[in-house]
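Coordinates in review
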Amino acid sequence: MASTSATAAIVVDGAYELAEGGRWVDDRYVYVDILSGRLFELRDDTEPAAVRQLARLDVPLGAVAPVGDRPGAWIAAADTGIALLTPDGTLEWLDRPEDRTPVPSRMNDGVADPAGRFWAGSMAYDGTQGAGSLYRMDPDGTVVRVLEGLTIANGPAFTADGTIMYLADTAAGTVFRCRVDPVSGDLGGLETFVQLRDGEGSPDGMTVDAEGCLWVAMWGAGAVRRYHPDGRLLHTVTVPAPHPTSVCLHPSDNRLYVTTARYGVKNPTATSGAVLSLPVPVGGTAACSWRGRR
């Protein structure tokens, strides 16, 4: 297992409370600041890098995915549910399942899969054990709870063919893996892919690289880990912020982009709550779109 501490460049010194959900969409990098409800983009064709705010909501915004046939529109895991975020910043709610939970909860991370479905997790504000769920939104706009009993659902991340999903329960220190039926979206049984030990950090946002390996942001450990599909730890990259929250690989430039948080940091520095970039030996893929019929 290799370990490196390559110099990280601060791409955006945003002092974000809880930046998350970094994805490459076409020629831009998009991410959110969850608790402030803001969505940002960083264009790949500007020098120096210029960040632009795309939306600001009055509710938490966990993650977005592009909508396939509607430029400028996003499917969003926000507040207590899943909504269409229109180009003018309006939320059109599709379902708000976390309104029906026994403890106050919000949506967390989410991503579209290669088949055009959108998946998003949830968590209780107070971290109540087992209060989180994983939801799947199908192209017809139906939202289905597919897993429950999680605490802080993060990820998910999919292989390029969409048949394997990785899902983290941050509070449990566990990364799960399960098979996905590419036609129906039905899940096979969950299996433990990685179980972290005390002191190793907690798995947060994830992505699968062009070689099929899984990259995991390690909240509390100031590191990003790369795992082989068989579960072997291949590489650990140290980042200069204690709480990395999501990871994203540039599709062609072999650079790793890492969002970080100031949340929970007693003595934050310039890299806490920033977007960082580091050189790595492999690239990623562009984000998938939700191919909904709305």
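As shown above, the structure is provided for reference.
Thresholds applied
Residues numbered from 1 in each chain as written. Predicted model: local features only at pLDDT ≥ 70, side-chain atom pairs only at ≥ 80, totals over all residues. Heavy atoms only, no water. Phe/Tyr/Trp six-rings, centres within 6.5 Å; stacked < 30°, edge-to-face > 60°. Helix = DSSP H or I, 4+ residues; strand = E, 2+ residues; numbered from the N terminus. Buried < 20%, exposed > 50% of the residue type's maximum accessible area, 1.4 Å probe, protein only. Lys NZ or Arg CZ within 6 Å of the ring centre and 35° of its normal. Pairing = 2+ DSSP bridges. Axes fitted to C-alpha atoms, helices over the stretch in contact; angles between N-to-C directions.

Thoughts on the packing of aromatic side chains
- Counted according to the given criterion, the structure contains 10 aromatic pairs.
- For the pair Tyr16 and Tyr31, a centre-to-centre distance of 5.5 Å together with 70 degrees between the ring planes defines the contact as edge-to-face. Of this pair, Tyr16 sits in the loop between strand 2 (9-12) and strand 3 (19-25) while Tyr31 sits in strand 4 (residues 28-33), and the two are 15 residues apart along the sequence.
- Its relative accessible area of 4% is what places Tyr16 among the buried residues.
- Here a set of aromatic residues connected by ring pairs shows up, and it is made of Tyr16, Trp24, Tyr29, Tyr31, Phe40 and Tyr257.
- Taking NZ or CZ as reference, Arg96 lies 3.9 Å from the ring centre of Trp93, over its face.

Structural notes on the sheet that holds strand 10 (residues 91-95)
- Taken in spatial order, the 4 strands line up as 7-8-9-10 in an open sheet, and their pairing is antiparallel. One side of each edge strand has no neighbouring strand; the edge strands of this open sheet are strand 7 (61-66) and strand 10. Taking the axes of each pair of neighbouring strands and ignoring which way they run, one obtains an average angle of 30 degrees across the sheet.
- The pairing of strand 7 with strand 8 (residues 74-78) spans 5 bridges and is classified as antiparallel. Among the inter-strand pairings, Ala65 is bridged to a residue of strand 8, identified as Ile75.

Everything listed is a geometric property; what it means functionally is a separate question.
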